[in-house]
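Chain by chain, the residues:
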Amino acid sequence: MALNNGLEMIEWLRKNFNTIAPTHALALKATRHLRKSEKKYLFSEDISLMRTAEGRWYEGLIYEMMILAASRCDFVKGVIRKGADAPYTRHKISQNQNGTFYSNYGDIKVRGNGQDLAEVDLLLIDQQNTVAFAEIITSPTDLKDFEQEIVFKKRLIGYLYGQPIVPFILVSSVDISRNAIVQRIMNEPDSVLIVTSSCEEIKKTLNPRDIRYRPRKPIAHPKLISLGDVSPKRPFDYRELHDQRKERMIKLMDEGASCEALTAPDDVPPIVKKIVFGAFHPPAIKYLFECTEIKIKGEPITYEEVMKRFSKVIFAVNLPECRPILYFRTRNRKEYYKMVPAKAGGFKYESRRTPHMAGFFLWLESTQPSLGTRKTRILLDYFVENKMKETVKKEPSKKSRKPKKTKKRRK
């Protein structure tokens, strides 16, 4: 039986991609996608900086290899331009942006109401105009949320391009075929895994002097397609979908529905990943501090301190896990403190949100106080109290806990 919906394309790539050797010429060509600092860090003794630059370089290498593979494969209609090949003109981020865009560095983004919903490492198109995407990784660690991320991207791309099937390619520089998370993803018939030589092995062909002055220039190729030439079949208004989902959740909570009912499938497209319920009025902030403890960098903070140091407190929930998040707007700087649930209960400081995250920062800035004490009580009952009860149920008793085994550090 013949394959369809882009599956021929990814199956051909699974079987034939590794016939393209990552030669010195290709490894050198991939450095054109790096910024000046990244070229410098590619051979840095600082492991953290080197690994980041190495991941960026490896992503560029797979892109170059994919262009070569596309030229040999009739199933591939085109590879979407990215990196140094992306158009130089950029769109200034605004809250009305919905769809696909290039970042300032040529990365491929899907935005909703100006915020980045997802970034994909590669996009390919087959002869039937089916859109497939690829993720490129260089480490077997940090795969905890990877499966959920892939599921969301398939759902998002499928919605945008009207595809019931979204072919997916996972390219890795380490053999992750035995990883349980990867195996679950690969059990899906629309997913394939490609394992290449390690970054260390390929990088041995490079000399730091060779890459220093490599220009960042776009190339011409018959199978390179600009992102703007592949228009989504289903344009969307993300803010409208967000508000529909929010109002539906509020209605269900007012009716006393179960937590499970809040995220049950319905007719609203499941591409909203965060609900911003609104900012608290001062009495609601006071009620929040009466109900839960909040720590900033390990130190508890009081209601009086919050009112002095912050101008706004926003309540949001990540979907589909319904994880509550608080955003505290500082008075003296343009930034928000992101507060997440602590294992022992309450909330703790995790990180900052600044104008660098332009789309989401603008969304937070436009969020005005709308949550009174009654609404706050309901939100805390559903997303804080219930979550704590679930955590207690999952947490094993101290008597049944086994001593942790010391893990060997990966080299």
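Keep in mind the model is a prediction, meaning the values are calculated, not measured. (Residues numbered from 1 in each chain as written. Predicted model: local features only at pLDDT ≥ 70, side-chain atom pairs only at ≥ 80, totals over all residues. Heavy atoms only, no water.)

A look at the overall build of the protein
Next up, step 1: Across its full length, the protein carries 14 helices and 17 strands.
Next up, step 2: By its C-alpha atoms, the protein is 65 × 50 × 45 Å across when sized along the principal axes.
Next up, step 3: Scored against the burial criterion, the 411 residues of the protein give a buried share of 48%. (Helix = DSSP H or I, 4+ residues; strand = E, 2+ residues; numbered from the N terminus. Buried < 20%, exposed > 50% of the residue type's maximum accessible area, 1.4 Å probe, protein only.)

Some details on the environment of phenylalanine 280
Next up, step 1: Following the sequence through the fold, phenylalanine 280 ends up in strand β10 (residues 274–280).
Next up, step 2: Residue classification places phenylalanine 280 among the buried positions, given a relative accessible area of 4%.
Next up, step 3: Between the C-alpha atom of phenylalanine 280 and that of phenylalanine 310, which follows or precedes it by 30 residues, the distance is 12 Å.
Next up, step 4: Those residues in contact with phenylalanine 280 that sit more than four places away from it in its chain are Ile285, Leu288, Val313, Phe315, Leu326, Pro369, Leu371 and Thr376. (Contact = heavy atoms within 4.5 Å.)

Let's talk about the pairing of strand β1 (residues 76–80)
Next up, step 1: Along β1, four of the five residues are buried, which leaves the element largely enclosed by surrounding structure.
Next up, step 2: Alignment of β1 against strand β5 (residues 122–126), held across three bridges, turns out to be antiparallel. Pairing of valine 76 across the sheet is with aspartate 126, part of β5.
Next up, step 3: Here β1 pairs with strand β9 (residues 224–225) via two bridges, running parallel. For valine 79, the partnering residue across the bridge sits in β9 and is leucine 224. (Pairing = 2+ DSSP bridges.)

Concerning the sheet that holds strand β13 (residues 310–318)
Next up, step 1: Read across the open sheet, the eight strands follow the order β12-β11-β16-β15-β14-β13-β10-β17; overall the sheet is mixed. The sheet terminates laterally at β12 (299–300) and β17 (369–371), the two strands that pair on one side only.
Next up, step 2: Bridge analysis of β10 against β17 gives two bridges, and the strand direction is parallel. For phenylalanine 280, the partnering residue across the bridge sits in β17 and is leucine 371.
Next up, step 3: Together, β10, β11 (294–296), β13, β14 (323–330) and β17 form the strand contacts of helix α11 (residues 282–291), whose direction differs from that of β10 by roughly 110°. (Axes fitted to C-alpha atoms, helices over the stretch in contact; angles between N-to-C directions.)

A few points about the sheet that holds β5
Next up, step 1: The strand order β8-β7-β6-β5-β1-β9 describes an open sheet built from six strands, whose pairing is mixed. Both outer strands of the open sheet, β8 (191–195) and β9, are each paired with one neighbouring strand and no more.
Next up, step 2: Alignment of strand β7 (residues 168–172) against β8, held across five bridges, turns out to be parallel. Bridging across to β8, phenylalanine 168 finds its partner in serine 191.
Next up, step 3: This element, helix α1 (residues 7–16), spans β1, β5, β6 (131–137), β7 and β8 of the sheet and lies at about 20° to β8.
Next up, step 4: Where helix α5 (residues 146–161) meets the sheet, its contacts fall on β5, β6, β7 and β8, and the angle it forms with β6 comes to roughly 155°.

Some details on the domain arrangement of the protein
Next up, step 1: Considered domain by domain, the protein is made up of domain 1 (7–85 + 92–229) and domain 2 (238–392).
Next up, step 2: When each unit is reduced to the centre of its C-alpha atoms, the spacing between domain 1 and domain 2 is 34 Å.
Next up, step 3: The interface of domain 1 with domain 2 comprises 14 residues on the first partner and 16 residues on the second.
Next up, step 4: Both faces considered, domain 1 and domain 2 share a buried interface measuring about 1,300 Å² in area, 64% of it formed by carbon and sulfur atoms.
Next up, step 5: The three residues of domain 1 that bury the most area against domain 2 are Gln95, Asn113 and Gln115, which together make up 37% of that side's buried surface.
Next up, step 6: Seen at the junction of domain 1 and domain 2, the total is zero salt bridges.
Next up, step 7: Where domain 1 touches domain 2, the interface holds four residue pairs in polar contact (both at pLDDT 80 or more). (Domains from an automatic or database assignment. Buried area = accessible area lost by both parts, 1.4 Å probe. Salt bridge = Lys/Arg side-chain N within 4 Å of Asp/Glu carboxyl O. Polar contact = N/O pair within 3.5 Å; in protein donor to acceptor, adjacent residues only side chain to side chain.)

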